[in-house]
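# Structure at a glance
What follows is the residue order along each chain.
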Amino acid sequence: MLASAPESIPPWQDGWHPQAQRLASPNFGSRPPLACIDLIVVHSISLPPGQYGGDAVQRLFTNQLDWEAHPYFQSIRGLVVSSHFYIRRDGSLWQFVSCNDRAWHAGQSEYRGRTNCNDDSIGIELEGLEGDTFEDTQYRCLAELCRDIRQNYPIAHLAGHEHIAPGRKQDPGPGFHWARLKQLLDFPPQVFP
C-alpha cells in the first residue's frame, strides 16, 4: 500500500511511481506528439477469471504466460497487452509501463470526444472480476495512486473500461463502487463518469 503522508513519497522517476513494485513490460509504445495525459482508466482483471493470487496477470503483461497452464488461457492465447498499474487484492501496487509511455490497456475506445484512449490515458488494473466486489485496501490504494498521478499529470477525467468501450468491455463492472472512490478523492464531480 502507498504511504499516507505525501511528504514521505520520493519523487517519480521518468514516469515510474516510487512505491510501486516495478516489472517492466515490453508491451508499450511512445505516445503521440503533444498527447495530453488527462485520463485515468480503471479496469479489473483476474486470471483465470475469478481466481485471485498467483502471478498470471504479471506473466500476461510481460509475455511470459504459459498458455497451457489453464484451459481458459487458450481463449486469450497470443494476447499482447499491458497496463501502467495493477493493484492486487491485498493492496500491493505493481507498475509495468512508465506513465510517460503508452500502455496497451484500452483497445478500441472513445471518451471525452477522443478516440484511441491508450494515447492519452493511464491504465490501472484492479485484481477482480466484473460484477464482483473489491477490497477496502484496493480502494485506498487506488485513491492514493490517483492523487499521486494527478500531482504529476493534468488528469481531468477518471473512467472505467466500460465507459470508454461501452458494449465491448464491462469492467470494472457493477461491483465497483464509484461513489466510494469519489468519497476517497477530493476531485471535482465532473472528473468522474
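Structure: above.
Everything quoted here is computed from the prediction, not taken from an experiment. (Residues numbered from 1 in each chain as written. Predicted model: local features only at pLDDT ≥ 70, side-chain atom pairs only at ≥ 80, totals over all residues. Heavy atoms only, no water.)

## Section: the pattern of salt bridges
Overall, the coordinates contain ten salt bridges when judged by the stated rule. Note that Glu127 and Arg88 form a salt bridge whose closest N and O atoms lie 3.3 Å from each other. Taken as a pair, Glu127 in strand S9 (residues 121-127) and Arg88 in the loop between strand S4 (85-87) and strand S5 (93-95) lie far apart in primary sequence, 39 residues in all. There is no split in this pair, since Glu127 and Arg88 are both buried. (Salt bridge = Lys/Arg side-chain N within 4 Å of Asp/Glu carboxyl O. Helix = DSSP H or I, 4+ residues; strand = E, 2+ residues; numbered from the N terminus. Buried < 20%, exposed > 50% of the residue type's maximum accessible area, 1.4 Å probe, protein only.)

## Considerations on helix H2 (residues 136-152)
Structural remark: α-helix, 3.6 residues per turn; residues separated by three or four positions point the same way. In this model H2 runs 25 Å from its N-terminal to its C-terminal C-alpha over 17 residues, within 8% of the 24 Å that 1.5 Å per residue would give. Where H2 is concerned, the buried positions are Thr137, Gln138, Tyr139, Cys141, Leu142, Ala143, Glu144, Leu145, Cys146, Asp148 and Ile149. Its buried side turned inward, H2 meets strand S3 (39-45), S4, S5, S9, strand S10 (157-160) and helix H4 (178-184). (Expected span 1.5 Å × (residues − 1). Contact = heavy atoms within 4.5 Å.)

## Details of the packing of aromatic side chains
Under the criterion given, the structure shown has seven aromatic pairs. The rings of Phe134, Tyr139, Phe176 and Trp178 are connected pair by pair, giving a single aromatic cluster. It is Arg89 that lies over the ring of Tyr52; its NZ or CZ is 4.3 Å from the centre. The side chain of Arg150 reaches across the aromatic face of Phe187, ending 4.4 Å from its centre. (Phe/Tyr/Trp six-rings, centres within 6.5 Å; stacked < 30°, edge-to-face > 60°. Lys NZ or Arg CZ within 6 Å of the ring centre and 35° of its normal.)

## Focus on the sheet that holds S5
Pairing is mixed across the open sheet formed by six strands, whose spatial order is S1-S5-S4-S9-S3-S10. Every other strand in the sheet has two partners, leaving strand S1 (21-22) and S10 as the edge strands with one partner each. Both S4 and S5 contribute to a ladder of three bridges, which runs antiparallel. Residue pairing for S5: Phe85 is matched across the bridge by Gln95. Strands S3, S4, S5, S9 and S10 of the sheet are contacted by H2, whose axis makes an angle of about 170° with S9. (Pairing = 2+ DSSP bridges. Axes fitted to C-alpha atoms, helices over the stretch in contact; angles between N-to-C directions.)

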